[in-house]
Amino acid sequence: MTPLQIAEPLPSIVPTAAKRGDAKARARASAEEYEAVFLSAMMKQMFAGLETSGPFHGGQAEETWRGMLIDQYGKEMVRRGGIGVADTVYREMLRIQEGAAS
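What you see is a predicted model; the values in this text were computed from it and never measured.

The rules behind the values
Residues numbered from 1 in each chain as written. Predicted model: local features only at pLDDT ≥ 70, side-chain atom pairs only at ≥ 80, totals over all residues. Heavy atoms only, no water. Phe/Tyr/Trp six-rings, centres within 6.5 Å; stacked < 30°, edge-to-face > 60°. Lys NZ or Arg CZ within 6 Å of the ring centre and 35° of its normal. Patch = residues over 30% accessible without salt bridge, like charges linked within 9 Å, V, L, I, M, F, W, Y side chains within 5 Å. Areas by Shrake-Rupley, 256 points an atom, 1.4 Å probe, with all protein chains shown as cover. Salt bridge = Lys/Arg side-chain N within 4 Å of Asp/Glu carboxyl O. Helix = DSSP H or I, 4+ residues; strand = E, 2+ residues; numbered from the N terminus. Buried < 20%, exposed > 50% of the residue type's maximum accessible area, 1.4 Å probe, protein only. pLDDT = per-residue confidence, 0-100. Contact = heavy atoms within 4.5 Å.

(A) Quick peek at the packing of aromatic side chains. According to the stated counting rule, one finds zero aromatic pairs in the structure shown. The ring of Y90 carries R28 above its face, with NZ or CZ at 5.4 Å from the centroid.

(B) Broad picture of a nonpolar patch on the surface. Together, Y34, F38, M42, M77 and I83 give the surface a local cluster of nonpolar side chains, amounting to about 470 Å² of exposed area. Among the elements that line the nonpolar patch, the one with the most residues is helix α2 (residues 23–48), at three residues. Locating Y34 in the fold gives a position in helix α2. Exposure remark for Y34: the relative accessible area of 47% places this residue in the partly exposed category.

(C) Structural detail: the pattern of salt bridges. If you walk through the whole model with that rule in mind, you get six salt bridges. Here R28 makes a salt bridge to E32, at a shortest N to O gap of 3.2 Å. Here the residue R28 and the residue E32 both occupy positions in helix α2, the gap between them amounting to four residues, near one helical turn. The class of R28 is partly exposed, set by a relative accessible area of 24%. One salt bridge connects R95 with E92, and the closest N-O pair in it is separated by 2.4 Å. Residue R95 and its partner E92 are both found in helix α4 (residues 85–101); the two are separated by three residues, about one turn of the helix. Judged by relative accessible area, which is 51%, R95 ranks as exposed. For E92, a relative accessible area of 35% translates into the label partly exposed.

(D) Structural detail: the confidence of the model for the protein chain. Per-residue confidence for the protein chain gives a mean pLDDT of 81, with 76% of residues at or over 70. Every residue in residues 3–10 scores below 50 in pLDDT, and together they form two contacts with partners more than four places removed in sequence or on other chains.

Below, the structure is given as structure tokens:
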């Protein structure tokens, strides 16, 4: 395996059922995506004051890659259970949809 190959594909946080169109699965995927964005926004604030040093000294490229890395951290945190925001958002989405259907 070359250094650029990935051993196995990275799993998506969007379940397969959500891609097919199941309403509850789509709501769950939306809630998880919301939590991932929320976590990424929190972590971006945490990393904002971090100064880089060393032989490469950061720069514009590091800022770009750091943002992408933080977004992936948020998605991975949600994939591993998150902090509960997705659960609350999902329940609220279902409650609102059920109220609208009545």
